[in-house]
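Observations on chain architecture
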Amino acid sequence: EEYFDDLNTRFDRKEFEVSDSIHFADSLKFTTPGGKTVYGGGGIMPDIFVAADTLNYSGYYGALARKGIFNSFVLEYSDKNRAKITSDFKTFDDFRKRFVFIPEEIKSFIKKGEEGGVKYNESQYKHSESEILLVLKALVANNIWQTNEYFRIVNENDLLIKKALNVISDENTYKGILGYK
């Protein structure tokens with residue numbers, strides 16, 4: 001946890017430079033018979049690079065995840081509130097659009113974390129709050145419905161998925177990636 005606290009301090013001071021692309025040495029460059037440029041060096045490089053979005057993570061968030069607090073809280077929460085959730089939200093789409101945790105439930109989650117050995121850190125919680133609440137909501141959806149619903153919620157803000165959907169929706173870009181003219 002001290003490691004993550006240090007990282008959070010360094011992020012706050014903006015000591016990390018975030019790269020939005022990957023560069024290869026020209027010596028690794030190879031052109032396929034079809035005219036596509038690829039690079040050697042072991043591993044696979046995607047056609048389109050999307051930087052990982054880790055801005056909402058904090059040491060507090062990481063500690064909660066490592067200690068299993070998200071899952072243990074959601075299991076208890078879902079069992080206790082299953083009837084109310086299925087009564088208030090007749091469909092998953094209704095749940096996805098309208099469900100929010102009330103302040104008392106958030107306090108219970110924080111308390112669960114402290115009982116599990118994760119000391120509450122208000123500034124780190126605030127930094128990660130949107131991600132914490134998104135993951136909790138997705139886990140509740142998984143518990144009430146199925147795994148598919150978990151992914152439909154947890155991926156709502158995923159930059160990689162948004163970019164992939166934009167690419168496959170743009171016929172020219174998609175054909176270009178596939179090597180069609």
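Below: a short report on this structure. Everything numeric here is computed off the predicted structure, so don't read it as measured data.

Now for a nonpolar patch on the surface. Residues I161, L165, I168, Y174, L178 and Y180 make up a contiguous nonpolar surface patch of roughly 590 Å² in combined accessible area. At the level of secondary structure, the elements contributing two or more residues to the nonpolar patch comprise α8 (159–169) and α9 (171–178). The greatest single-element share of the nonpolar patch, amounting to three residues, is contributed by α8. In this fold, Y180 is placed in the segment after α9.

This part is about the packing of aromatic side chains. Two descriptors summarise a pair of aromatic rings, namely the distance from one centre to the other and the angle between the planes of the rings. All told, the structure shown has 17 aromatic pairs when counted by the stated rule. With a centroid separation of 5.9 Å and an interplanar angle of 70°, the aromatic rings of F89 and F99 are classed as edge-to-face. Taken together, the residues span a long stretch of sequence, with F89 in the loop between α3 (69–88) and α4 (92–98) and F99 in the loop between α4 and α5 (103–115) at a distance of 10 residues. Centroid distance F92 to W145: 5.7 Å. Interplanar angle 75°. Geometry classified as edge-to-face. Of the two residues, F92 sits in helix α4 while W145 sits in the loop between α6 (122–144) and α7 (147–154), which places them 53 residues apart along the sequence.

The next point concerns the packing of helix α2 (residues 59–66) against α6. Remark: α2 packs on α6, axes separated minimally by 8 Å, with the N-to-C direction vectors making an angle of 40°. In terms of orientation, α2 lies oblique with respect to α6. Across the interface between the two elements, G59, Y60, Y61 and L64 of α2 pack against Q124, Y125, S128, E131, I132 and V135 of α6. For the contact of α2 with α6, the per-class residue count stands at six nonpolar, three polar and one charged.

Bringing the pattern of salt bridges into the picture now. Summed over the entire model, instances satisfying the criterion amount to nine salt bridges. The residue D79 makes a salt bridge to R82 at a minimum N-O spacing of 3.1 Å. With D79 and R82 both in helix α3 and three residues apart, the pair spans about one turn of that helix. Here R82 falls in the partly exposed class, since its relative accessible area comes to 30%.

Analysis parameters
Residues numbered from 1 in each chain as written. Predicted model: local features only at pLDDT ≥ 70, side-chain atom pairs only at ≥ 80, totals over all residues. Heavy atoms only, no water. Patch = residues over 30% accessible without salt bridge, like charges linked within 9 Å, V, L, I, M, F, W, Y side chains within 5 Å. Areas by Shrake-Rupley, 256 points an atom, 1.4 Å probe, with all protein chains shown as cover. Salt bridge = Lys/Arg side-chain N within 4 Å of Asp/Glu carboxyl O. Helix = DSSP H or I, 4+ residues; strand = E, 2+ residues; numbered from the N terminus. Phe/Tyr/Trp six-rings, centres within 6.5 Å; stacked < 30°, edge-to-face > 60°. Axes fitted to C-alpha atoms, helices over the stretch in contact; angles between N-to-C directions. Parallel < 35°, antiparallel > 145°, perpendicular 65-115°, else oblique. Contact = heavy atoms within 4.5 Å. Nonpolar A, V, L, I, M, F, W, Y, C, P; charged D, E, K, R; others polar. Buried < 20%, exposed > 50% of the residue type's maximum accessible area, 1.4 Å probe, protein only.

Geometric descriptors of this kind do not, in isolation, establish any biological role.
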